[in-house]
Amino acid sequence: MTPTGKLAINGGPKSVTNLISPWPIASDAVRQSLQSVVDSNAWGLYDGDSTYALQVKLQDLFDCAHSLLSCSGTVAVELALRGVGVKRGDEVILAAYDFPGNFRAIEAIGAMPVLVDVAEGGWIIDIENLATAVSEKTSAILVSHLHGQLIDITAVRESLPRPVPIVEDCCQVPGASIDGKPCGSFGGVSAFSFGGSKLLSAGRGGAVLSNDESVISRAKHFGSRGNDAFPLSQLQAAVLIPQLDELESLNSVRQSAVEEMVAAIGKDCGSQLIRPKTQKQSAWYKLPWRLRSNVGREVVISRLKAEGVPVDVGFRGFAKRTARRCRKIGDLVNAQQAADETILLHHPALLEPAETREQIVSGFKKVMTSLDG
Ligand SMILES: *Cc1c(COP(=O)(O)O)cnc(C)c1O
């Protein structure tokens, strides 16, 4: 898919403050897939060829034998936790900087979040702090591959004092891999999102994947209320299927754009915009930096936005949550710093033509150098 649908959606030329095409991009493949479901009576079925085909493709792509479609990534995370057996009164370990819904998913089950710091300067859980967080009550570890930074699940597993199920949150990185093995196949179970802004999008939706059939059947059982309480429809599946075919090639376009933009921005703004080494074969829903500036982050972001650069703040993190709601391991300074300093470039920018990406780089340079003087 090339980003050709943008004028049709945008309805006009792009202004300086609107450099980036809207997301998702309609493609002929998506239109055809949707049309064929509309033309059949299959769009009235709860499950049918589209949902089955989507499951098969997801299982194939992410190297898992079993799957369950769901209505969102948030629910997919909760179903994954329930699938590995998390129950009321248990503890679940997660990073103190993560998607807010992950904390809530643990609470929704009646379990207690246990917060572990993120690695210094990064956005993913600090593996060295994991062992001390494990207690008798720990029934899962929820780890997110976040902002394009991939976590080594094998190292997570090896760091644990006893076997604990690992739930892999892949909502931000569909199609990423480590040493050729897809993210989503490392943990005991994984969660994906097909939300409106995500790399794979049906506006809403999610999926749970596992190689352990009993994990999926427990998750499925929770959603069974005579009917599936958290479903994904045939029409949603139809728009997702062609996107899966294009995921690898689009991910590689985004990866190249990231490497190029990070290098170009780092050249002039490297003392103010800090980021760790870029991993290969990642997937980029958000491209992150840590902002080091005397000028407040909101001001910097609004100036960047005025230059047409699509940036925003990161997550608020959980380091300041009360002790009533969670158990904290250590002082969580790195997570608080991530919450205070993160700025994120939204992914549609990465598929834009070179000229637009250069404008974004210039926007960064203009704003960051103005902060010095
Ligand atoms: C988006 C996201 C989710 C939740 O997905 P939704 O489909 O929006 O509910 C979960 N975890 C992470 C890391 C996400 O980025």
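That block above? That's the structure.
Since this is a predicted model, take the numbers as computed values, not measurements.

Side chains of residues three or four places apart in an α-helix project in the same direction, reflecting 3.6 residues per turn. Of all the positions in helix 5 (residues 100–109), only G101, N102, F103, A105, I106 and I109 are classed as buried. Considering only its buried residues, helix 5 is in contact with helix 4 (73–83), strand 2 (91–95), strand 3 (112–116), strand 4 (138–144) and strand 5 (166–169). G110 occupies a position one or two residues after helix 5 and carries a positive phi of about 90°.

This part is about the pairing of strand 5. On strand 5, burial covers both faces: I166 and E168 on one face and V167 and D169 on the other are all buried. Inspection of the sheet shows strand 4 paired to strand 5 by four bridges, in the parallel sense. Residue pairing across strands places S144 opposite D169, the latter belonging to strand 5. In terms of strand pairing, strand 5 meets strand 8 (residues 189–193) through three bridges, oriented parallel. Bridged to E168 within strand 8 is S190.

Next up on the list: the site of the ligand. Around the ligand, the surrounding shell consists of S72, G73, T74, F99, N102, L146, D169, C171, Q172, S193, K198 and G205. Here an oxygen atom of the ligand and a backbone polar atom of G73 are 2.8 Å apart. Side-chain polar atom of D169 to a nitrogen atom of the ligand: 2.7 Å apart, as the coordinates give it. Starting from 380 Å² of accessible surface for the ligand in isolation, the protein chains cover 88%. Within the shell around the ligand, the residues separate by chemical class into three nonpolar, seven polar and two charged.

This part covers the pattern of salt bridges. Counted by the stated rule, this structure contains 14 salt bridges. Residue D245 pairs with K57 through a salt bridge whose shortest N-O separation is 2.6 Å. With D245 in helix 9 (residues 234–269) and K57 in helix 3 (residues 49–61), this residue pair connects regions lying 188 residues apart in the sequence. The partly exposed category is assigned to K57, whose relative accessible area is 29%. Residue E107 pairs with R104 through a salt bridge whose shortest N-O separation is 3.7 Å. Taken together, the residues span about one helical turn, with E107 and R104 both in helix 5 at a distance of three residues. Accessibility expressed as a relative area gives 26% for E107, which makes it partly exposed. Using a relative accessible area of 54% as the deciding quantity, one classes R104 as exposed. Here the residues in one salt-bridge network are R104, E107 and R325, joined through shared partners.

The description of an aromatic ring pair rests on the distance of the ring centres and on the angle between the ring planes. All chains considered together, the criterion is met by six aromatic pairs. Ring centres of F99 and F315 lie 5.9 Å apart, and the angle between their planes is 75°; this geometry places the pair in the edge-to-face category. Of this pair, F99 sits in the loop between strand 2 and helix 5 while F315 sits in the loop between strand 12 (311–313) and strand 13 (327–328), placing them 216 residues apart in sequence. Measuring from centroid to centroid gives 4.9 Å for F103 and F318, while their planes differ by 45°, and the two rings are tilted.

As a general point, the strands of a sheet are linked pairwise by backbone hydrogen bonds and lie either parallel or antiparallel. Spatial ordering of the open sheet is given by 1-9-8-5-4-2-3-13, a layout of eight strands whose pairing is mixed. Two strands in the sheet have a free side with no partner beyond their single neighbour: strand 1 (66–70) and strand 13. Relative to strand 9 (residues 206–210), strand 1 runs antiparallel, the two being bridged by five bridges. Within strand 9, the position partnered with H66 by the bridge is S210. Strands strand 1 and strand 9 of the sheet are contacted by helix 3, whose axis makes an angle of about 130° with strand 1.

What counts, and where the lines are drawn
- Residues numbered from 1 in each chain as written.
- Predicted model: local features only at pLDDT ≥ 70, side-chain atom pairs only at ≥ 80, totals over all residues.
- Heavy atoms only, no water.
- Buried < 20%, exposed > 50% of the residue type's maximum accessible area, 1.4 Å probe, protein only.
- Helix = DSSP H or I, 4+ residues; strand = E, 2+ residues; numbered from the N terminus.
- Contact = heavy atoms within 4.5 Å.
- Pairing = 2+ DSSP bridges.
- Near = heavy atom within 4 Å.
- Polar contact = N/O pair within 3.5 Å; in protein donor to acceptor, adjacent residues only side chain to side chain.
- Areas by Shrake-Rupley, 256 points an atom, 1.4 Å probe, with all protein chains shown as cover.
- Nonpolar A, V, L, I, M, F, W, Y, C, P; charged D, E, K, R; others polar.
- Salt bridge = Lys/Arg side-chain N within 4 Å of Asp/Glu carboxyl O.
- Phe/Tyr/Trp six-rings, centres within 6.5 Å; stacked < 30°, edge-to-face > 60°.
- Axes fitted to C-alpha atoms, helices over the stretch in contact; angles between N-to-C directions.

By themselves these figures say nothing about function.
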